[in-house]
Amino acid sequence: ITLGQGSSMATRQPFTDTDTSDEAVRATCDDATTCKRFATSKSYWKDPYIQYFARSVGERKAPEINRGYYARVRGVNHLLDAFIRKAECDCQVINVGAGLDTTFWRLKDENLLPRKFFEVDFPAVVARKIHNIKTKPPLSKPLIETHSTDSLLLDAHSLDSDRFCIIGADLRDISNLDEKLKKFQLNPELPTLLVSECVLVYMTPSQSSNLVRWAAETFHTAMFINYEQKERFLKTGWEHADALDMMTVYSMLPQDDVARIERLEFLDERELLQQLLQHYSICWATKDKHNLGNSQSCYF
C-alpha cells in the first residue's frame, strides 16, 4: 500500500537512462490522479477539476488509502496556502513533477493565485495535460480569464500565459530546466514556493540534490515543500528544514473536518492507517531574506 505516485517505497527504482524506467515513472501520475479522483468522489475533499484528467472514478480504493491522500492533500495545501498568504500573492509557485495536478484552478477559485504559477514535468505528461486544457472549457476558461493579452503561447509541450505556465522538461537536466523557466519569465527576485509531492524519490541522490541545490542558489526567499525527507535540504544550501510524519499532520488538521471524513467509510483497523501514515512525511525547507516568517511554528 502506498500514498506515493503509485509505487511502494520498497520497490521504487531511481531514474536510469532507459525509456522503460522513465515510462514507469510517468505512469505514477495516473495512479495518483486515479486515487485522488476516487477520494473526491467519496467527498473526502472537493476538486471539481480532477474529473477532466481522470475519465472515471475507477475501482474502489481502501479507506486507509483515501484517508492517507486526504491527509497528504490537506497538509501540502496548508503549507502552500500559508506561504502565498504571507507573501500576499506577490510570489511565484513552481510545481516540479506536477503531473495532472489541479492546484492552479483551486487557487484561482479561492482568489489565491500567485503572480505566476509554473508546472514542470516530462514532455509526454505535459502534452497530455495541455491537450486536456485545450479541449475542456472548464479548464481553459479560468486560464483565459487570467490572461490579459493576445500572446498566449500554446504548443505541444509548453503553455505560457500571464499567470500560468506549463513546461515540458527533464528535471535531471538542471541547465535546461533553468533556461526554460527563465525564458517564461521566472523571476529569481520574487519569493518562490517549490512543491514536489513525489518526484525526488525517483531520482538518484545526486540528481535530486542538484535540483534542490539549484533552487537554494536561485532564490533568496523561498520554501520547498516535499513529501519525503529533510536531510537533503540542509546539505544543499537551505537555511532551515522541518518535517512531520503524516500521522502527526493528520492529528493537527482541523478535527471537525477529520471527524467528517472518518464518517464517510468504516475503517476496520485504525492501526493499519497509523502505520501507513507514520511511513510518510511532509518536509518543508526555507530561505527567508524577505522575512516572511518561514518556520515550523508559522505553519502547523
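This one's a predicted model, so the numbers in the text were calculated from it and none came from an experiment.

### Points about the nonpolar core
Logical step 1: Membership of the largest hydrophobic core comes to 60 residues, with the highest contact counts inside it found for Phe164, Ile225 and Tyr250.
Logical step 2: The dominant element in this core, judged by the number of residues it contributes, is helix α2 (residues 63–86), at 10 residues.
Logical step 3: Filtering out sequence-adjacent residues up to four positions away, isoleucine 225 remains in contact with Val76, Leu79, Leu80, Leu193, Leu194, Val195, Ser196, Ile282, Cys283 and Trp284.
Logical step 4: Judged by nonpolar contacts, the second largest core, of 30 residues, contains Val96, Ile174, Leu194 and Phe224.

### Focus: the packing of α2 against helix α11 (residues 270–278)
Logical step 1: Two numbers describe how α2 lies on α11: the axes approach to 10 Å, and their chain directions differ by 40°. Classified by the interaxial angle, the pair formed by α2 and α11 is oblique. Crossing hand, α2 versus α11: right-handed. For the pair formed by α2 and α11, the contact residues are Glu64, Ile65, Arg67 and Gly68 on the first element and Arg270, Leu272, Leu273, Leu276 and Leu277 on the second.
Logical step 2: Of the residues contributing to the contact of α2 with α11, the split by class is five nonpolar, one polar and three charged.

### Details of the UniProt feature "binding site: S-adenosyl-L-methionine" (unreviewed entry) in the protein chain
Logical step 1: According to UniProt, the positions carrying the feature "binding site: S-adenosyl-L-methionine" (unreviewed entry) are Arg72, Gly97, Asp170, Leu171 and Glu197.
Logical step 2: As for its placement among the helices and strands, glycine 97 is situated in the loop between β1 (92–96) and α3 (103–109).
Logical step 3: Note on glycine 97: relative accessible area 17%, which makes it buried.
Logical step 4: Once you skip the residues sitting within four places of it in the chain, glycine 97 turns out to touch Val120, Asp121, Leu171 and Val199.
Logical step 5: By the element assignment, glutamate 197 lies in the loop between β6 (192–196) and α7 (205–218).
Logical step 6: Its relative accessible area of 16% is what places glutamate 197 among the buried residues.
Logical step 7: Non-local contacts of glutamate 197, meaning those with residues more than four positions away in its chain, are made with Lys36, Arg72, Asp101, Asn226, Tyr227 and Glu228.
Logical step 8: Separated by 2.5 Å, the side chains of glutamate 197 and arginine 72 make a polar contact.

### What about the pattern of salt bridges?
Logical step 1: Using the criterion set out here, one finds 17 salt bridges in the structure.
Logical step 2: Between glutamate 197 and arginine 72 there is a salt bridge, with the nearest N and O atoms lying 2.5 Å from each other. On the criterion of sequence distance, the pair formed by glutamate 197 in the loop between β6 and α7 and arginine 72 in helix α2 is long-range, its members being 125 residues apart. Pair check on accessibility: glutamate 197 and arginine 72 agree, each one buried.

Thresholds applied
- Every chain is numbered on its own, with residues counted from 1 as its sequence reads.
- For a predicted model such as this one, the threshold for reporting local features is a pLDDT of at least 70, and the threshold for listing and counting side-chain atom pairs is 80 or more; totals across whole chains, interfaces and linings nevertheless cover every residue.
- Only hydrogens and water are removed before side-chain values are computed, so all heavy atoms of the structure are retained for them.
- To qualify as a nonpolar core, a set must consist of buried Ala, Val, Leu, Ile, Met, Phe, Trp, Tyr and Cys residues joined through side-chain atoms within 4.5 Å.
- In this scheme, a residue with accessible area under 20% of its type's maximum is buried, one over 50% is exposed, and one in between is partly exposed, where area comes from a 1.4 Å probe on protein chains only.
- The helix and strand labels rest on DSSP assignments: H or I over at least four residues marks a helix, E over at least two residues marks a strand, and numbering proceeds from the N terminus.
- Whether two residues are in contact is decided by their heavy atoms: any pair within 4.5 Å suffices.
- As a rule, the C-alpha atoms of each element are fitted with a line to give its axis, helices using only the stretch in contact, and angles between N-to-C directions run from 0 to 180 degrees.
- Orientation labels follow simple angle bins: below 35 degrees gives roughly parallel, above 145 gives roughly antiparallel, 65 to 115 gives roughly perpendicular, and whatever is left gives oblique.
- Here is the rule for handedness: rotate from the far helix to the near one, and if that takes an anticlockwise turn smaller than a right angle the crossing is left-handed, while a clockwise turn gives right-handed.
- When residues are grouped by polarity, Ala, Val, Leu, Ile, Met, Phe, Trp, Tyr, Cys and Pro land in nonpolar, Asp, Glu, Lys and Arg in charged, and all others, Gly among them, in polar.
- UniProt positions are given in the numbering used here, feature names are shortened, and annotations may be inferred rather than shown by experiment.
- Think of a polar contact as two N or O atoms within 3.5 Å of one another; within protein, one of them needs to be a possible hydrogen donor and the other a possible acceptor, and neighboring residues in sequence only count if both atoms come from side chains.
- Any Lys or Arg side-chain nitrogen located within 4 Å of an Asp or Glu carboxyl oxygen qualifies as a salt bridge.

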